[in-house]
Amino acid sequence: MPGWGGSERPAWARDPRDIAIIVTRLLARLELDAVTLVGLGCGGYVAAELATMNPSRLARLVLVGSAGLQPKTGEIMDQMMLSHRKYIEESFRDAETYHDYVGEEPPDDIRQLWDLSREMTARVTWKPYMFNRRLEPLLGDLDVPTLIVWGEKDKVVPFECAKQFEAAIPNARIEVVAGAGHVVELEEPDQLAALVGSA
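Just so it is clear, the model here is predicted, and its values are computed rather than measured.

Participant: Residue-level account of the pattern of salt bridges, with values.
Facilitator: Within the structure shown, the criterion is met by 11 salt bridges. The shortest N-O distance in the salt bridge between Arg 134 and Asp 15 comes to 4.0 Å. Taken as a pair, Arg 134 in the loop between helix H5 (108-125) and helix H6 (135-139) and Asp 15 in the segment before helix H1 (16-29) lie far apart in primary sequence, 119 residues in all. Take Arg 134: its relative accessible area is 48%, and that puts it in the partly exposed class. Glu 105 is the partner of Arg 111 in a salt bridge, and the nearest nitrogen-oxygen pair spans 3.1 Å. According to the relative accessible area criterion, Arg 111 is partly exposed, its value standing at 30%. Of the residues examined, Glu 105 reaches a relative accessible area of 45% and is grouped as partly exposed. Sharing partners across several salt bridges, the network here consists of Arg 85, Glu 105 and Arg 111.

Below is the structure:
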């Protein structure tokens, strides 16, 4: 997404809906219709916002550990209150899996990329943190088949949010990935790919 992963930052963007507008324009420029839109974590928040604004471009929606809704119980983990290393570590199912993937210490270029991405996340998801009270009421009109994928051991976004997305979106179902944490795409990529392919 623009502003993450070392890409150019849209200085005017201050809300996940702003990022969704940019992605919608990209879909139009590329003349893409009937796409399967997959959103992971904060990207799922953006994908849900995009789906409420321009569902005609979507064939399917896949939300993986998605933020965007305020959990009725528990809270979305506030990455600004932790070191980014600790936040990333908590995103994995356990410390061993984190160390297997990242190593003892992340390289400086990766650490810098994390910091830049976290800064962009703070810019667009602060106040309120990682949810939009206006999103849930709009999901009820979403006529797009939606798959909600959640890691069984997700410590970042409560499973309560998965149930809220399922209740709000008419044609939605949940798939739980056994043993996975928040970063299902890193821990169980083949299983996630199979789920997306069958969505």
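Participant: Before we move on, could you go through the packing of aromatic side chains and cite the residues and values that matter?
Facilitator: A complete count under the given rule lists 3 aromatic pairs for this structure. Both rings, one in Phe 92 and one in Tyr 101, keep their centres 5.7 Å apart while their planes meet at 40°; by these two values the pair is tilted. Residue Phe 92 is classed as buried on the basis of its relative accessible area of 1%. Ring geometry for Trp 126 and Tyr 129: centres 6.0 Å apart, planes at 70°, overall edge-to-face. In textbook terms, an aromatic cluster arises when at least three aromatic residues are bridged by ring pairs, as seen for Phe 92, Tyr 98 and Tyr 101.

Participant: Kindly report on the side chain of Asn 132, identifying the contributing residues and their values.
Facilitator: Mapped onto the elements of the fold, Asn 132 is located in the loop between H5 and H6. Classification of Asn 132 by relative accessible area gives buried; the value is 7%. Filtering out sequence-adjacent residues up to four positions away, Asn 132 remains in contact with Arg 17, Tyr 45, Glu 49 and Gly 68.

Participant: Which residues make up the pairing of strand E3 (residues 146-151), and what values go with them?
Facilitator: When you tally the buried positions in E3, you get 6 out of 6 residues, the bulk of the element. Of the two faces of E3, the one lined by Thr 146, Ile 148 and Trp 150 and the one lined by Leu 147, Val 149 and Gly 151 are each fully buried. Two strands pair when backbone bridges link them, and strand E2 (residues 58-64) and E3 are joined in this way by 4 bridges, in the parallel orientation. Within E3, the position partnered with Leu 63 by the bridge is Ile 148. Judged from the 6 bridges that link them, E3 and strand E4 (residues 172-177) form a sheet pairing that is parallel. Counted as the bridge partner of Val 149 is Glu 175 from E4. Crossover E3 to E4 through helix H7 (residues 159-168) is right-handed.

Participant: Let's hear about the state of the cysteines: which residues, and what values?
Facilitator: Under the defined criterion, the tally for this structure stands at 0 disulfides. Of all cysteine sulfurs in the structure, the one in Cys 161 sits closest to Cys 42, which takes part in no disulfide; the separation is 13 Å. According to the relative accessible area criterion, Cys 42 is buried, its value standing at 15%.

Participant: Lay out the nonpolar core with the relevant residues and their values.
Facilitator: Counting 48 residues, the largest nonpolar core has Ile 19, Leu 61, Leu 139 and Phe 165 as its most contacted members. Apart from the residues within four sequence positions on either side, Phe 165 is in contact with Ala 48, Leu 63, Ser 66, Ala 67, Leu 69, Leu 139, Ile 148 and Ala 172. Judged by nonpolar contacts, the second largest core, of 10 residues, contains Val 64, Leu 147, Val 177 and Leu 195.

Analysis parameters
- Residues numbered from 1 in each chain as written.
- Predicted model: local features only at pLDDT ≥ 70, side-chain atom pairs only at ≥ 80, totals over all residues.
- Heavy atoms only, no water.
- Salt bridge = Lys/Arg side-chain N within 4 Å of Asp/Glu carboxyl O.
- Helix = DSSP H or I, 4+ residues; strand = E, 2+ residues; numbered from the N terminus.
- Buried < 20%, exposed > 50% of the residue type's maximum accessible area, 1.4 Å probe, protein only.
- Phe/Tyr/Trp six-rings, centres within 6.5 Å; stacked < 30°, edge-to-face > 60°.
- Contact = heavy atoms within 4.5 Å.
- Pairing = 2+ DSSP bridges.
- Right-handed = clockwise from strand over helix to strand, strands pointing away.
- Disulfide = S-S within 2.5 Å.
- Core = buried A, V, L, I, M, F, W, Y, C linked by side-chain atoms within 4.5 Å.

Without other data, these values stay purely geometric and don't point to any function.
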